[in-house]
Amino acid sequence: MKKYGKGFALKTVKITRRTFIKGVGAVTVTSSLGMSGALRGDTRRAKATEADESVKYIHSCCTVNCTSRCHLKGHVKNGRIVAVTPGLLPGRDDYPNACLRSMSYAQRLQDPTQRVLYPMKRVGERGEGKFKQISWDEAFELIASKLLETKEKHGAHAASFFTMSGNLAKLAWESTTRLGATFGGTTYITEGLMGDHGASMGMNLVFGQARGGHDTRDYMNSKLIILWGRNIADTHTSEMRYIIKARENGAKVIVIDPRQCSSAAVADQWIPIRPQTDPALALGMMNYMISRDLHDKAWLKANSCGPLLVREDDGQYLRVNDGYAVWDEKTKRVVPAGTADAEPALTGEYVTAEGVKCHPAFVDLAKEAAKYTIPVTAEICGLEEAMVEQLAYEYATMKPAGIRMGQGMQRVYNSFAPFRTVATLAAVAGYIGISGGGASHMGGTASINPIPGVTVPDFNFAEWSNTGGAPFIEKNSSQLYNMIENEEVKFLWIGVSNFINQSPDANRVIGEILPKVPFIVNVDPFWTWTTKYADLVLPGKTHWEVWDILVRSPWVMVDQPAIETMGESKSDCEICSEVAKRVGLGHLWNKTDEEWIRSFMTSEHPAFADFDWDTWVKEGIFARPDGIYDAVFAFEDQKYKTPTGKFEFYTERLKKYGQEVPAYTRMLEDPQGELGKKYPLVCINYHDRVNVHTQQMLYPALKIVASEPEIQINTVDAEARGIKHGDIVKVFNDRGYCMIKAFVMEGIAPGITAIPNGWTPDQYIEGNMQNLTHFTINPVEEFISQTNSAFYDVLVEVEKV
Ligand code: SF4
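Residues numbered from 1 in each chain as written. Predicted model: local features only at pLDDT ≥ 70, side-chain atom pairs only at ≥ 80, totals over all residues. Heavy atoms only, no water.

**Quick word on empty space enclosed by the protein**
Think of a ball as big as a water molecule: rolled over the atoms, this probe shows where empty space is left.
In step 1: Summed over all chains, the structure comprises eight cavities of 30 Å³ or more.
In step 2: In this structure, the largest cavity spans a volume of roughly 70 Å³.
In step 3: Residue lining of the largest cavity: 13 residues in total, with Cys62, Cys66, Cys70, Cys99 and Arg101 positioned closest to the centre.
In step 4: Considering only residue class, the lining of the largest cavity consists of six nonpolar, five polar and two charged. (1 Å grid on protein atoms, 1.4 Å probe; cavity = no way out; pocket = protein on both sides within 12 Å on 5 of 7 lines; lining within 4 Å. Points joined across faces, edges and corners; volume = space filled by probe spheres on them. Nonpolar A, V, L, I, M, F, W, Y, C, P; charged D, E, K, R; others polar.)

**A short note on the site of the ligand**
In step 1: As a matter of local geometry, the ligand sits amid Cys62, Val64, Cys66, Ser68, Arg69, Cys70, Asn97, Cys99, Arg101, Ser102 and Thr237.
In step 2: In the shell around the ligand, the residues fall into five nonpolar, four polar and two charged. (Near = heavy atom within 4 Å.)

**Here's the deal with the pattern of salt bridges**
In step 1: Throughout the structure, instances matching the rule amount to 38 salt bridges.
In step 2: For Arg582, the salt bridge is made with Glu141, and the minimal N-O distance between the two is 3.2 Å. Remark: Glu141 occurs in helix H5 (residues 136-154) and Arg582 occurs in helix H21 (residues 572-582); sequence separation between them is 441 residues.
In step 3: Owing to a relative accessible area of 45%, Glu141 belongs among the partly exposed residues under this scheme.
In step 4: Taken together, the shared-partner salt bridges in this structure form one network comprising Asp137, Glu141, Glu578, Lys581 and Arg582. (Salt bridge = Lys/Arg side-chain N within 4 Å of Asp/Glu carboxyl O. Helix = DSSP H or I, 4+ residues; strand = E, 2+ residues; numbered from the N terminus. Buried < 20%, exposed > 50% of the residue type's maximum accessible area, 1.4 Å probe, protein only.)

**Considering the packing of helix H6 (residues 170-183) against H21**
In step 1: For the pair H6 and H21, the least separation of the axes is 8 Å and the interaxial angle reads 20°. Considering the angle they form, H6 stands roughly parallel to H21. As H6 packs across H21, the resulting crossing turns out to be left-handed. Of the residues in H21, those touching H6 at Leu171, Ala172, Ser175, Thr176 and Leu179 are Asp572, Cys573, Cys576, Val579 and Ala580.
In step 2: Counted by class, the contact of H6 with H21 contains seven nonpolar, two polar and one charged residues. (Axes fitted to C-alpha atoms, helices over the stretch in contact; angles between N-to-C directions. Parallel < 35°, antiparallel > 145°, perpendicular 65-115°, else oblique. Left-handed = near helix turned anticlockwise from the far one by under 90°. Contact = heavy atoms within 4.5 Å.)

**Thoughts on the sheet that holds strand S22 (residues 536-539)**
In step 1: With mixed pairing, the eight strands of this open sheet are ordered in space as S5-S4-S22-S21-S20-S6-S7-S19. In this open sheet, the two strands that pair with only one neighbour each are strand S5 (131-133) and strand S19 (473-476). For this sheet the average axis-to-axis angle between neighbouring strands, irrespective of direction, equals 25°.
In step 2: Looking at chain direction, strand S4 (residues 120-122) and S5 are connected through three bridges and run antiparallel. Looking across to S5, one finds that Met120 is bridged to Gln133.
In step 3: Along the sheet, H5 makes contact with S4, strand S6 (159-163), strand S20 (491-495), strand S21 (519-524) and S22, crossing S22 at roughly 130°.
In step 4: Relative to S20, H21 is tilted by about 155°, and along the sheet it contacts S20, S21 and S22. (Pairing = 2+ DSSP bridges.)

**Topic: the domain arrangement of the protein**
In step 1: Considered domain by domain, the protein is made up of domain 1 (120-194 + 455-540 + 569-595), domain 2 (214-440 + 638-657) and domain 3 (674-800).
In step 2: Placing the centre of domain 2 and that of domain 3 at their C-alpha centroids yields a distance of 31 Å.
In step 3: Summed over both partners, the interface of domain 2 with domain 3 buries about 2200 Å², with 59% contributed by carbon and sulfur atoms.
In step 4: Interface area lost by domain 2 to domain 3 is led by Arg259, Arg411 and Tyr413, which between them contribute 32%.
In step 5: Counting across the domain 2 and domain 3 interface gives one salt bridge.
In step 6: Between Asp234 and Arg689 there is a salt bridge; the shortest N-O distance is 3.3 Å.
In step 7: Between domain 2 and domain 3 we count 10 residue pairs in polar contact (both at pLDDT 80 or more) in total. (Domains from an automatic or database assignment. Buried area = accessible area lost by both parts, 1.4 Å probe. Polar contact = N/O pair within 3.5 Å; in protein donor to acceptor, adjacent residues only side chain to side chain.)

**With respect to the nonpolar core**
In step 1: Ranked by size, the top nonpolar core spans 71 residues in total, and within it Trp228, Leu281, Tyr395, Ile432 and Phe647 carry the most contacts.
In step 2: For this core, the element with the most residues is helix H12 (residues 278-291), which contributes nine residues.
In step 3: Among all residues touching Leu281, those that are not within four sequence positions of it are Trp228, Ile256, Ile273, Thr377, Cys381, Leu383, Val388 and Leu391.
In step 4: Core analysis: the next-biggest nonpolar cluster, separate from the first, contains 49 residues, Trp544, Ile740, Trp759 and Leu772 among them. (Core = buried A, V, L, I, M, F, W, Y, C linked by side-chain atoms within 4.5 Å.)

Structure representation (structure tokens):
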């Protein structure tokens, strides 16, 4: 009888092979019924349209923030989309993709009951949902007068323009921010509040850039693949086929996740880690390798900051001739880093000729890792010691091993630590910049630039980028709550964002923050939780209704109007242009959306020599001749944009916070601390298969898969509370509560609960998951860049209603 995690053993639950398989089966069957049933329906519809000569085919690119950016083919009849199928991806016959979400999206965007159809002015209290229809002229005049009044009384900076990631097409995504910039207002770097910035910070610390990864096809070269906090099967469907292929090719696939997610269900092994303990697991694995001499010393010496000397007096790198220094084992003296023929030391303690005590940076990493013996690591992570040891051994010896990191592990306090530490683990193993290896963030798709997912734009964006010289301010989104509470925001424009639904601590937002904003404009194609709290709601358009452009290297895709306009909706760019004209900025907003797109595509770059507008619009995609279509991976050249120019696990500027090397810190809301006595269950949220954030879901096709949010809770925790599968439960803490059905399962570790992200209050029995979350400024993250929402650092209690 095999135990799968210490957490289970502590609760005296035996996870037998039978119950484990039962859990796997539950996930797989749900997936198969939901997805394939709907797909079969769509395939039938698509086939039927092929014989219908009145059907036109109009292409688009899916713009939601799952980052796959799939090329879609719309089957359009009488001004309505009747089916959606995957569009071709020239040069990659294996890669076309469309998921159930995008294939059924037309059901929502063509449903007038879900759409905002006209400009609507609030007539009831905020939140009441009472609006009256007004004309576009009235709406534009109202906005213009509020903007000019704000500027006159408080300065232009008092007008804030806030976006998230509701539409990643260029015009839609950037128009709100561009309007703010041209007006001289305040714009925001949104990653922090929306909870994606921990990954960027972690990556930047060690790699010197926020993104970088391996094309998923490169996993065909891996012996072991670890999906660490990444549920590709549900959240990046275009890539899952390659993970399956790699497994068929002989690679072992391991999923590290507190939940037995869909990817875990088809993997070889699921490691049910406790939330926020990923850095401890990575440090434990490092210690295992270092203490057994399994680490890649040659790679560390050549490519990492490991041999660079650190002063013992102040923890800063030792400088020689304004450069970094190493201890040369051959000459037994300090020499500048990079000295030819030197043999840099990775361990030891040394004294310079000037009497400065110092040691290689690797010593500090090894010392930190040494705290995480197998028993300590297992205890922290809630895993069995044998499981940790086996994982560390296999990772070190199944060469090469690739890790795909997911945002799931970085929505925690000290959010930079998971990506930083897991990437450092890969470096200690010598897997960075190695085919089949890596610690990937994003990636997955081939690119023009040899770093998957990163694009070199050589479009003609100059005019769009010209904001006219107004002295606008760009703030971190982590400052938004404080700024509003300090009454620095007198006007708030929210674009491409269901802000309340996707921001932490909804009760605080609704009760304390938004009431301090005198005027709120919200542009959205759909009625949302946020629209209810706006003073003016403007009907936006979806990607099937506008001209727009998306770059998914090596392809350039076009969005174009495919259906008749719903009500009086307008694109974000059209709305911003009309407002701009009324506040004296018409000269910067003097093009239609189509004219902007045409202007972008007049690049002199040779790659566009054969570009033809009509062909592009007809096919919906332009395959750049200079694009890379082969499987590539980042850091093959071992060049890093860090201060040391090396893979940098030792960050001297973090010495003052005691985090100069990757470290594990306990949760802010610690289940083993005082708060844990009152609220003993950790509540994480996750991205599931029926929605990307607050988009999609609730179409007939998707309701087959899921029609309401449910809280996943372990059998042990449910039994202790008298909760049965399907019971309505109240989930609560001091900040608020939600009521929701219980999904009792063995596929989640005891002590952990999970609620799917994106569902809105209308779909809960009462409340919302964001009533439970908090936003706590983190001084270290503010020092590095900005605080990331710790959506998963939340304690709750659950009781049967
Ligand atoms: S939601 Fe679906 S279709 Fe859209 S980009 Fe993501 S995987 Fe592709």
